[in-house]
Number of protein chains: 2
Amino acid sequence: MPASPPSAAVVDLLGALAYGELSAFDHLADDAGLAPTLTARARMSEMAAVEFGHYQRLADRLVAIGADPEAAMAPFVAALETYHSLTKPSTWPESVVKAYVGDGLAADFYREVAEFADDATGELIRDVLTDAGRAEFAVHEVAAAVAEQPAIAGRLALWGRRLVGEAISQTQHVLADRDSLMRLLVEGTGDLSGVTGLIGRITDRHEERMRELGLAS
Amino acid sequence: MPASPPSAAVVDLLGALAYGELSAFDHLADDAGLAPTLTARARMSEMAAVEFGHYQRLADRLVAIGADPEAAMAPFVAALETYHSLTKPSTWPESVVKAYVGDGLAADFYREVAEFADDATGELIRDVLTDAGRAEFAVHEVAAAVAEQPAIAGRLALWGRRLVGEAISQTQHVLADRDSLMRLLVEGTGDLSGVTGLIGRITDRHEERMRELGLAS
């Protein structure tokens, strides 16, 4: 139980992540409509429902530490909606790659930052970011799509690069705007070379995911 | 554990309901985008996530009795999507009324039919159809909308009538098309006057819901 009011950075971190989950729910539910079969549609709808469960836990945590979820999320709505509107999948394989690669990228970032938060916050964040079999599903769906139409491998590789590009761009906007998060990041990593190391680790894991999908990164 | 293969009626009933839940998930998630606040949006997204959980249980049950969920749902996709496309809410109060009145109507129908299925099926159906505080939310949101703009009460009453009309029309199409369900219904109620009684009970509960919302039925 925190004796003092929660730090601005923790409220920002939970607020950004909570809105990230709520918007992931919304967009995954939407993208499920691109699925070629009811089974695949149900699988992506399930991912959406899981994200909603995560949102719920983060919102509950915000309430528990005395913050208002709506106010905590508000500063991050624009950046996340911009990310989603610039990365709206137009095919099923694109939506699968986004669900795995885009959300994986976000998860890696939050997982890194969670290290610098208090223990309870860090634990909750690590807990809501478990992957839950998404890799296996993505690998299967992308392999099936590429087998049917080999030319899309190149387009999906480009798509992966676009997802990273837009994610980095929106993260920079948010950090430029939210001093508390920027400070958490810089103080947590120690200095700017620490930030560079963090970016390197996230990029490495992104490339690993693209390799798993059989796509160039 | 059924020793014999499941009856066609039970597979149809579970399939129709499973697709009903999957499409309710989809449309509630979509309609959440009409919410005036993040809190209201989260509340409707939660309803969607709950419907997905119900879908999951129904699909699991289909698998358990040896049926393929995708095949079981397929005959009902067109009717349910037609219902949703003809009742696409264009405002937040419309989406709230649909979530409460439209889904309530469907729930009453399934609950009646569940009486004629085997015990395990009936129990599962009654279990996934619990309302989970939706009434309270709908009453609150509709009251707030009408207080702000009294003229919409008339439009929402019309909207309620449209929801019933389209639901009845699609149910008739499905029953005309699926002998097993029609037989379950007629044999279960005893005869055509039994069917009339069932329709009367569903209509009564619909009117009750409209009254709760403060709207003419």
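Residues numbered from 1 in each chain as written. Chains lettered and ligands numbered in written order. Predicted model: local features only at pLDDT ≥ 70, side-chain atom pairs only at ≥ 80, totals over all residues. Heavy atoms only, no water.

## Structural notes on the overall build of chain A
Applicable threshold: Helix and strand assignments follow DSSP, with helices taken as H or I runs no shorter than four residues and strands as E runs no shorter than two, numbered in order from the N terminus. Atoms counted for the radius of gyration: C-alpha only. Globule rule: 2.2 Å times residue count to the power 0.38. A simple rule labels every residue: compare its accessible area, found with a 1.4 Å probe on the protein chains alone, to the largest value its type can have, and call it buried under 20%, exposed over 50%, or partly exposed in between. Here a residue-residue contact requires only that any non-hydrogen atoms of the pair lie within 4.5 Å. Every accessible area reported is derived by Shrake-Rupley at a probe size of 1.4 Å, with residue values counting cover from the shown protein chains alone. The charge count includes Lys and Arg as positive and Asp and Glu as negative, but it does not include His or the ends of the chains. Charge positions are represented by NZ for Lys, CZ for Arg, CG for Asp and CD for Glu.
In terms of regular secondary structure, chain A is built from ten helices and zero strands. Ordered by position from the N terminus, the helices and strands of chain A form the series α-α-α-α-α-α-α-α-α-α. Its C-alpha atoms give chain A a radius of gyration of 17 Å, near enough to 17 Å, the size a compact globule of 217 residues would have. For chain A, the spread of C-alpha atoms along the principal axes amounts to about 60 × 35 × 25 Å. Within chain A, the fraction of its 217 residues that count as buried is 52%. Contacts in chain A between residues at least 24 apart in sequence constitute 81% of all its contacts with a sequence separation of at least 6. Just so you have it, chain A exposes about 9700 Å², and 57% of that area is on carbon and sulfur atoms. Positive and negative side-chain charges in chain A, numbering 18 and 33 respectively, have mean positions lying 3 Å apart.

## With respect to the packing of aromatic side chains
For clarity, the cut-off: Aromatic rings from Phe, Tyr and Trp, taking only the six-membered ring of Trp, are treated as a pair when their centres fall within 6.5 Å; an angle between ring planes under 30 degrees marks them as stacked, one over 60 as edge-to-face, and anything in between as tilted. Either the NZ atom of lysine or the CZ atom of arginine qualifies as a charge over a ring when it sits within 6 Å of the ring centre and within 35 degrees of the ring normal.
Under the criterion given, the structure shown has nine aromatic pairs over all chains. An angle of 70° between the planes, with centres 5.7 Å apart, marks the rings of A:Phe25 and A:Phe52 as edge-to-face. Here A:Phe25 is found in helix α1 (residues 8-31), whereas its partner A:Phe52 is found in helix α2 (residues 38-64), with 27 residues between them in sequence. Through a chain of ring-to-ring contacts, three or more aromatic side chains come together here, namely A:Phe25, A:Phe52, A:Tyr55, B:Phe25, B:Phe52 and B:Tyr55. Just above the ring of A:Phe137 sits the side chain of A:Arg43; from NZ or CZ to the centre is 5.0 Å.

## Here's the deal with the nonpolar core
Rules: Grouping buried Ala, Val, Leu, Ile, Met, Phe, Trp, Tyr and Cys residues that are joined through side-chain atoms within 4.5 Å yields what is termed a nonpolar core.
In this structure, A:Val97 and B:Val97 are the most contacted members of the largest nonpolar core, which totals 145 residues. When near neighbours in sequence (up to four residues on either side) are disregarded, B:Val97 contacts B:Gly102, B:Val142, B:Leu156, B:Trp159, B:Leu163, B:Leu213 and B:Leu215.

## Considerations on the relation of the copies chain B and chain A
Quick reminder of the rule: Fitting of the copies onto one another was done by least squares over C-alpha atoms, counting residues only where both copies have pLDDT of at least 70.
Its rotation angle being 180°, the transformation that places chain B on chain A also includes 0.0 Å of axial translation and leaves an RMSD of 0.0 Å. The symmetry that links the two subunits is that of a two-fold axis. By C-alpha distance to the rotation axis, the residue of chain B lying nearest is B:Ala49, at 2.4 Å. A share of 100% of interface residues in chain B that are also interface residues in chain A marks the association as one of identical surfaces.

## Focus: the interface of chain B and chain A
For interface size, the figure often reported is the accessible area lost on association. Formally: Defined here as a combined quantity, buried area equals the accessible surface (1.4 Å probe) lost by two parts on assembly, summed across both. The term salt bridge refers to a side-chain nitrogen of Lys or Arg lying within 4 Å of a carboxyl oxygen of Asp or Glu. Polar contact criterion, stated in full: a pair of N or O atoms within 3.5 Å, where within protein one must be able to donate a hydrogen and the other to accept it, and residues adjacent in sequence count only if both atoms are side-chain atoms. Three classes are used: nonpolar for Ala, Val, Leu, Ile, Met, Phe, Trp, Tyr, Cys and Pro, charged for Asp, Glu, Lys and Arg, and polar for all others, with Gly counted as polar.
Between chain B and chain A, the contact holds 24 residues from the first and 24 residues from the second. For the pair chain B and chain A, the summed buried area comes to about 1800 Å², and 61% of that belongs to carbon and sulfur atoms. When residues of chain B are sorted by the area they lose upon contact with chain A, B:Leu38, B:Arg41 and B:Glu70 head the list and together hold 31% of the total. Summed over the shared surface of chain B and chain A, the number is three salt bridges. When the shortest N-O distance is used, the salt bridge between A:Arg41 and B:Asp26 registers 3.8 Å. At the boundary of chain B and chain A, one finds six residue pairs in polar contact (both at pLDDT 80 or more). Elements supplying a minimum of two residues to the side of chain B that touches chain A: α1 (8-31), α2 (38-64), α3 (69-73) and α4 (77-86) of chain B. Considering every element that reaches the side of chain B that touches chain A, the biggest residue donor is α2(B), with eleven residues. For the side of chain B that touches chain A, the residue count by class is 13 nonpolar, five polar and six charged.

## Some remarks on the confidence of the model for chain A
Residues and elements named next belong to chain A. Condition: Scored from 0 to 100, pLDDT reflects the predictor's confidence in each residue.
When pLDDT is averaged across chain A, the result is 91; 97% of the residues are at 70 or more. Taken element by element, the predicted model of chain A shows its lowest mean pLDDT in helix α9 (residues 179-189) (88) and its highest in helix α3 (residues 69-73) (97). Overall fold confidence for the complex sits at a pTM of 0.89, while the interface term, ipTM, reaches 0.85.

## Topic: the pattern of salt bridges
All names here are of chain A. Per the stated rule, a full pass over the model turns up 29 salt bridges over all chains. Arg-111 serves as the salt-bridge partner of Asp-108, at 3.0 Å between the closest nitrogen and oxygen. Note that Asp-108 and Arg-111 are positioned in helix α5 (residues 92-114) at a spacing of three residues, about one turn of the helix. Under the relative-accessibility criterion, Asp-108 is labelled buried at 2%. Judged by relative accessible area, Arg-111 falls into the partly exposed class, the value being 29%.

## Details of the side chain of A:Asp12
You can see A:Asp12 is positioned in helix α1. Excluding its chain neighbours within four sequence positions, the residues that come into contact with A:Asp12 are A:Phe76, A:Arg178, A:Ser180 and A:Leu181.

## Structural notes on a negative patch on the surface
Filter applied, for reference: Patches draw on residues past 30% relative accessible area with no salt bridge. Two like charges within 9 Å are joined, as are two nonpolar side chains (Val, Leu, Ile, Met, Phe, Trp, Tyr) within 5 Å.
On the surface, A:Asp204, A:Glu207, A:Glu208 and A:Glu212 cluster together into a patch of negative charge. In this fold, A:Glu212 is placed in helix α10 (residues 192-212).

## Here's the deal with the packing of α1(B) against α4(B)
Residue and element names in this part refer to chain B. Our working rule: For helices, the axis comes from a line fit to the C-alpha atoms of the stretch in contact; other axes are also lines fit to C-alpha atoms, and the angle between any two N-to-C directions lies between 0 and 180 degrees. In this scheme the handedness of a crossing depends on how the near helix is turned from the far one: anticlockwise by less than a right angle means left-handed, clockwise means right-handed.
Contact geometry of α1 with α4 gives a least axis separation of 10 Å together with a crossing angle of 35°. As α1 packs across α4, the resulting crossing turns out to be right-handed. Only Val-77, Leu-80, Glu-81 and His-84 of α4 make contact with α1, whose side of the interface consists of Ala-16, Tyr-19, Gly-20, Ser-23, Ala-24 and His-27. Partitioning the contact of α1 with α4 into residue classes produces five nonpolar, four polar and one charged.

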